[in-house]
Amino acid sequence: MMNHLMLLAVLLLLRTCYTTYSQQESTVFPVTYLNITKDLALQRLLVEWDVGKPAHDAGLAMSFEIQVRRTDENTTVWTGFHNVTLGKSAKPLHWIWDSDLPLECMSHLVRIRSKAEVSKIWSQWSLWEAVLGMDTSNNSEPQIFPNEKIVEEGSDITLCCIGRKGRIIKEFFLVPAVHVFSHTNSQVGLLTVKNVSHQGVPHISVYCQESCNEEQCYAHSVFFVGKQPDTPNDFSCQTQDMRIVTCTWSKGGETYLYGHRLPKYTLFEEFSQKMVPCTVSCSEQCSCSWNIGQQRIYNITVTVENPLGKKTAMDVFDVTHRIYPAAPFQLWEECTDTEITLYWKHRNKGIELFCQTEVLQPNGKVELHNSSDTHLHYASITLGGLQPYTEYTVRVRCGAAKHFWRWSEWSEALTIRTKEATPSGKLDIWREITPVLGGRNVTLFWKQAPSFRANGKSVSYEVTWEKVEGGSKRESISFSPVHNSTRISIDNDSYRISIMAKNNVNYSLPSVMIIPRATGTEELKEEQVNGTDDGIFISWEPRHTYDSYIIEWCKVPMLQPCDLQWKRFGPNISSALINSAAFVPGVRYNFHVYGSVANRASLLEKKTGYLRELPPLLDPIVEKVELTLNAVTLSWDSYPTDESQPGFVRGYHVYVSPIQEDCLLKGSKKHVLPDDSVLCKYTIEDPEEKRYTVKHLLSNTKYKLAVKAYTGGGETPIVNFIYIDTPFNSNLMYLLVLLVIVPAVIAAICHWKMKWVKERCCPVIPSPSKSKVLSFKAFKSGSEKVLKLSDCIPDMLAVDTKAEAQKLHPWSQLPSTPTENKTDDGHNSSQICPDEKEERDFTPTPTAQTHTCFENFSYSSHLAVTFDSYQRPEMLEASTPEVSVVLYQPHYYFDIFNEDAASAPRETAGRKASLRYISQTDVHA
């Protein structure tokens, strides 16, 4: 049983699958008809097709897939799906495709397939249906598409150039903009412009050229760039007289299109379904007017259209609710000193109006006064609360009293002056008192206070004065409107002065001032005040006994008269900011604060200040410079600190140039100039202190100094310097003498004394080699210099021992043959000095010459001594072995030191002896 059931279930399942498959197969209906047409104006393809007859069952939902291909491309350029439910009739189906490329540029191919929506199986594709382009025609010249097309600014446009058969497109470009184009093939060129903008020219030119130069190788076309018209804004309709309706709206922005492409306006009335018979005119705004007739309610639609699009605006209205009256005209007036009655006419007969009058006052304030109108030929309004003899400018506009829509235009303005009246308020008066011999000169000033009004065309002034105690005649004098001051002379008594203004109607109330009796005045100290960007701030100590305060100052302090100014303040005010266009920086202004009670003024305080302080104009002139070793004192006594200065002199700065780069002087501060040089700065905070001593300077040193005055505005740049040299310190010279010169002198003296002692105790032995005698050729033997004893006449001879000296006495016998005698190293030498008497006793006698040889190691040679034949025979005798024989002559000196006794000439070569030459005169051999 179970097996039979399972088999039955399988059979049922197979039957269901077969039935479903059969139904799906039965819903596959291929396209049996396909037709394509093109709309070149809109650049779109109109696709029309049909399916087999069984598919026209009512209510069958079908899906269609459509593909579009161009002949020069191998891929599909567009694929779309179209779903539709088939109706009972067998009408063909339609579909539209918009091309981004002009359809003339190349041929297009379209195919289609279908399926039932419930099915998953598509039918076979239909055959490609072709829509031919101009690329398949035999053109006689290149052609550009589209031609004279209007393109909306900001959009894209694709252009093509179709060449002739067998020709290649060489160039394809726009003017004024040039773009690179792409070839679809050798015959067709494409050019796409993205985000087209208006180039400021009526149109954009397109040029195309084939690869040849003949006339038929070129093509030219244009296209226009524009904008859609703006929506008509502020569209509304109204009437002035219930006979003509006028609609107005804003013109809108530029569309860049001209001629027949300009925006066109049309008005259509919806209720009557008729075009409104009016002519549109546009200047600053557009308007259109027509006769009302019997219709009262309108629904007007205005349409503005150009080739790129159209916009509309609508207005629904009741004519009786859209009354826009004409402006009032022909204004005239009647007036008194405080009122004006204004009259005007209007053109809106039979319409009840509500009017508004604008009054422009002299101070620029505008007041509006409303009034109702009637059906009379004119209307009026009375304006009260006006000022006498004052000009007012008035104008009027009106609107409908019932169903107010909007105001009319303003009428022409009318200027009206009210009539004169008695001056109102009092004059503000002040005085300046100058003591003179026997009395006082009083200069009176007056001006119109803010509360005073002249109320007339011409205002004169009258000044009256008399003594307070009486007993004097009342005096008065009148002045024209150009005067605002006068001077009177009074004695030292108390006087009452009054000043009044007068116009063509009457006098004003008098302004009274009491000049008290002359008394000695207490000198008050001036207090410095500060200026601001807005003025000079003045404050004073309030006193409860005064009913007002007055501040006076000179407008131009350096001039005479100084144009005295004053300002009054209430009893509860104790400070004020005094400002004036005449205030200039660098000028000192003096202020006097007065308290007034019962028209009597008393001086309370004195102030002085600047709007802004400036640096001093001139530097202090240093009149005296006192120098010491380590300090300098500067004096500048004649420097002024009064009002001639452009600021309050607060003190002085003394600048000194340091030797080092940084300021190291004690008590100073470092000051760096703009050129980065460094000065030492000293500050004197007392402006009356005009003497300063700079200490801790170095002696015998150059310095440059400068003295600058400074105010609240600072000081001027440092330009000029004073140059000084500090004196030389003589104490240093004394110390130098003690430490250097004295020891040097002592050392020199010691050196000189040592030389003298040395010369006396140990005289220097002259070198025989330096003798001039040896410079003669006769004394040269080979490389040695030879001096013969006979060539020199000695003054004296010296021997080693006294015994030898005695044996060499001039009158002793000299041995003919010397013998050798050795002595100790520590021998003594003696000098033998012959006198002149002995020289005179010499008698020359011809005798045979005897030669004695000396050994002198200084010359390294033997010297032969030849004795003169005129000498005495006794000197030729032989001596003891210890005696060295030496012959001498007067006026010459020899000093001979022998360690050994004289020996025979043949033995002298081996002996050690010395000969010291003391002095000799030049001898010519």
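Since the structure is predicted, the reported quantities are computational estimates derived from the model, not experimental observations.

The rules we used
Residues numbered from 1 in each chain as written. Predicted model: local features only at pLDDT ≥ 70, side-chain atom pairs only at ≥ 80, totals over all residues. Heavy atoms only, no water. Helix = DSSP H or I, 4+ residues; strand = E, 2+ residues; numbered from the N terminus. Buried < 20%, exposed > 50% of the residue type's maximum accessible area, 1.4 Å probe, protein only. Contact = heavy atoms within 4.5 Å. Areas by Shrake-Rupley, 256 points an atom, 1.4 Å probe, with all protein chains shown as cover. Disulfide = S-S within 2.5 Å. Salt bridge = Lys/Arg side-chain N within 4 Å of Asp/Glu carboxyl O. Phe/Tyr/Trp six-rings, centres within 6.5 Å; stacked < 30°, edge-to-face > 60°. Lys NZ or Arg CZ within 6 Å of the ring centre and 35° of its normal. Pairing = 2+ DSSP bridges. Axes fitted to C-alpha atoms, helices over the stretch in contact; angles between N-to-C directions. pLDDT = per-residue confidence, 0-100. Patch = residues over 30% accessible without salt bridge, like charges linked within 9 Å, V, L, I, M, F, W, Y side chains within 5 Å. Core = buried A, V, L, I, M, F, W, Y, C linked by side-chain atoms within 4.5 Å.

K.L.:
How should I be thinking about the overall build of the protein in this particular structure?
P.N.:
Within the protein one finds four helices and 60 strands. Considering the protein as a whole, with its 925 residues, one finds that 41% of them fall into the buried category. The contacts in the protein between residues at least 6 apart in sequence include a share of 65% that link residues at least 24 apart. Accessible surface, the protein: about 52,500 Å² in total, of which carbon and sulfur atoms supply 53%.

K.L.:
I would appreciate a short explanation of the side chain of Thr-357 in the present structure.
P.N.:
Residue placement: Thr-357 occurs in strand E26 (residues 353–360). Thr-357 gets classed as buried once you look at its relative accessible area, which sits at 0%. Excluding anything up to four places from it in sequence, Thr-357 contacts Leu-342, Trp-344, Glu-367, Leu-368, His-369, Ile-381, Leu-383, Arg-395 and Val-396.

K.L.:
Teacher, can you tell me more about the state of the cysteines here?
P.N.:
Note on terminology: disulfide describes a covalent bond linking the sulfur atoms of two cysteines. Following the criterion strictly, the structure yields nine disulfides and no others. Each sulfur of the disulfide joining Cys-278 and Cys-288 lies 1.5 Å from the other. Taking the sign of the S-S torsion, 130° for the link of Cys-278 and Cys-288, the bridge is right-handed. Of this pair, Cys-278 sits in the loop between strand E19 (274–275) and strand E20 (281–282) while Cys-288 sits in strand E21 (residues 285–291), placing them 10 residues apart in sequence.

K.L.:
Honestly, the environment of Ala-400 in this entry has me stumped. Any pointers?
P.N.:
With respect to the element layout, Ala-400 can be found in strand E29 (residues 391–400). Classification of Ala-400 as buried rests on a relative accessible area of 2%. As a C-alpha pair, Ala-400 and Ile-351 span 49 residues in sequence and 7.1 Å in three-dimensional space. In contact with Ala-400, not counting residues within four places along its chain, are Ile-323, Pro-325, Glu-352, Leu-353 and Phe-354.

K.L.:
I would appreciate a short explanation of the pattern of salt bridges in the present structure.
P.N.:
Two side chains with opposite charge may pair up if their charged atoms get near one another. A complete count under the given rule lists 24 salt bridges for this structure. Across the salt bridge formed by Asp-100 and Arg-70, the nearest N and O atoms sit 3.0 Å from each other. With a gap of 30 residues between them, Asp-100 in the loop between strand E5 (93–98) and strand E6 (108–116) and Arg-70 in strand E3 (residues 61–70) connect regions that are remote in the sequence. Overall, the relative accessible area of 9% leaves Arg-70 in the buried class. Ionic pairing is found between Lys-555 and Asp-563, a salt bridge with its closest N-O pair at 4.0 Å.

K.L.:
How should I be thinking about the packing of aromatic side chains in this particular structure?
P.N.:
When we look at a pair of aromatic rings, we describe it by the centre distance and by the angle of the planes. Within the structure shown, the criterion is met by 27 aromatic pairs. On the numbers, 6.2 Å between centres and 55° between planes, the contact of Tyr-546 with Tyr-549 is tilted. The same class applies to Tyr-546 and to Tyr-549, which are both buried. Summarising the aromatic geometry, the rings of Phe-583 and Phe-591 are spaced 6.5 Å apart at their centres and angled 85° between planes, so their arrangement reads as edge-to-face. Joined through ring pairs, the aromatic side chains of Trp-540, Tyr-546, Tyr-549 and Phe-569 make up one cluster. One residue, Lys-115, lies across the ring of Trp-122, its end atom 5.3 Å from the ring centre.

K.L.:
Could you clarify how one ought to interpret the sheet that holds strand E24 (residues 329–335) in this entry?
P.N.:
The strands making up a sheet associate through backbone hydrogen bonding, with each pair oriented either parallel or antiparallel. Here we have three strands laid out as an open sheet, ordered E24-E25-E28, and antiparallel in their pairing. Of all strands in the sheet, those with a lone pairing partner are E24 and strand E28 (378–383), marking the two edges. Taken over all neighbouring pairs, the strand axes of this sheet differ in orientation by 20° on average, direction set aside. Note: strand E25 (residues 340–345) against E28, six bridges, orientation antiparallel. Within the sheet, the bridge partner assigned to Ile-340 lies in E28 and is Leu-383.

K.L.:
What exactly am I supposed to notice about the confidence of the model for the protein here?
P.N.:
Note that predicted coordinates carrying low pLDDT should not be read in detail. With 76% of its residues at a pLDDT of 70 or more, the protein shows a mean pLDDT of 79. Counting contacts from residues 16–26, a segment whose pLDDT is below 50, to residues more than four positions away or on other chains yields three contacts.

K.L.:
Explain the pairing of strand E33 (residues 460–467) to me, please; I cannot follow it from the model alone.
P.N.:
On a regular strand, each side chain points to the face opposite its neighbour's, so the side chains alternate between the two faces of the sheet. Of all eight residues in E33, six are buried; the element is thus mostly enclosed. Bridge count between E33 and strand E36 (residues 495–502): eight bridges; the pairing is antiparallel. The residue bridging Lys-467 from the neighbouring strand is Tyr-495, located in E36. As defined by bridge partners, E33 adjoins strand E34 (residues 475–479) across five bridges and the pair is classed as antiparallel. Its bridge partner being in E34, Thr-464 is matched across the sheet by Ser-476.

K.L.:
Help me understand the side chain of Glu-210, please; the structure alone is not making it clear to me.
P.N.:
Tracing the backbone through its elements, the reader meets Glu-210 in strand E14 (residues 204–210). Residue Glu-210 is classed as buried on the basis of its relative accessible area of 0%. Setting aside its immediate chain neighbours within four residues, Glu-210 contacts Pro-142, Gly-163, Arg-164, Arg-167, Ile-168, Ile-169, Lys-170, Gln-216 and Cys-217.

K.L.:
Even after reading the chapter, I still don't get a nonpolar patch on the surface, so can you show me in this structure?
P.N.:
Taken together, the side chains of Leu-738, Leu-739, Val-740, Ile-741, Val-742, Val-745, Ile-746 and Ile-749 define a hydrophobic patch exposed on the protein surface, amounting to about 720 Å² of accessible area. Among the secondary structure elements, Val-740 is positioned in helix H2 (residues 730–761).

K.L.:
Any chance you could explain the sheet that holds strand E32 (residues 439–448) here in plain terms?
P.N.:
The sheet built from three strands is open, its strands ordered E31-E32-E35 with antiparallel pairing. Each edge of the sheet is formed by a strand with only one pairing partner; in this case those strands are strand E31 (427–436) and strand E35 (485–490). Sheet twist, expressed as the average angle between the axes of neighbouring strands with direction ignored, equals 20°. As defined by bridge partners, E32 adjoins E35 across six bridges and the pair is classed as antiparallel. Of the residues in E35, the one forming a bridge with Phe-445 is Ser-485.

K.L.:
Mind showing me how you'd approach the nonpolar core here?
P.N.:
Taken as a class, soluble globular proteins show a tendency for nonpolar side chains to be buried jointly. Grouped together as the largest cluster of nonpolar side chains are 22 residues, with contacts concentrated most on Leu-634, Trp-636, Val-654, Val-656, Val-694 and Leu-705. Sorting the residues of this core by element identifies strand E46 (632–635), strand E47 (651–656), strand E49 (678–684) and strand E51 (702–710) as the ones contributing at least two each. Setting aside its immediate chain neighbours within four residues, Val-654 contacts Leu-634, Trp-636, Cys-680, Lys-681, Tyr-682, Ile-684, Tyr-692, Val-694, Ala-706 and Val-707.

K.L.:
Looking at this structure, I do not really get unusual backbone geometry. What am I missing?
P.N.:
The general pattern is negative phi for most residues beyond glycine and trans for most peptide bonds. Residues Phe-145 and Pro-146 are joined by a peptide bond in cis, for which omega reads -10°. Inspection of the secondary structure assignment puts Pro-146 in the loop between strand E8 (143–145) and strand E9 (149–152). Cis rather than trans, the peptide bond between Gln-560 and Pro-561 has omega equal to -5°. By the secondary structure assignment, Pro-561 is in the loop between strand E40 (548–554) and strand E41 (564–569). Even without being glycine, Glu-148 reaches a positive phi, approximately 55°. Counting through the fold element by element, Glu-148 comes out in the loop between E8 and E9.

K.L.:
Please clarify how the environment of Arg-44 should be interpreted in this entry.
P.N.:
Counting through the fold element by element, Arg-44 comes out in strand E2 (residues 44–51). For Arg-44, a relative accessible area of 23% puts it in the partly exposed group. C-alpha of Arg-44 to C-alpha of Trp-97: the two residues are 53 residues apart in sequence and 5.4 Å apart in space. With sequence-adjacent residues up to four places away left out, Arg-44 is seen in contact with Thr-37, Lys-38, Asp-39, Ile-96, Trp-97, Asp-98, Ser-99 and Leu-103.

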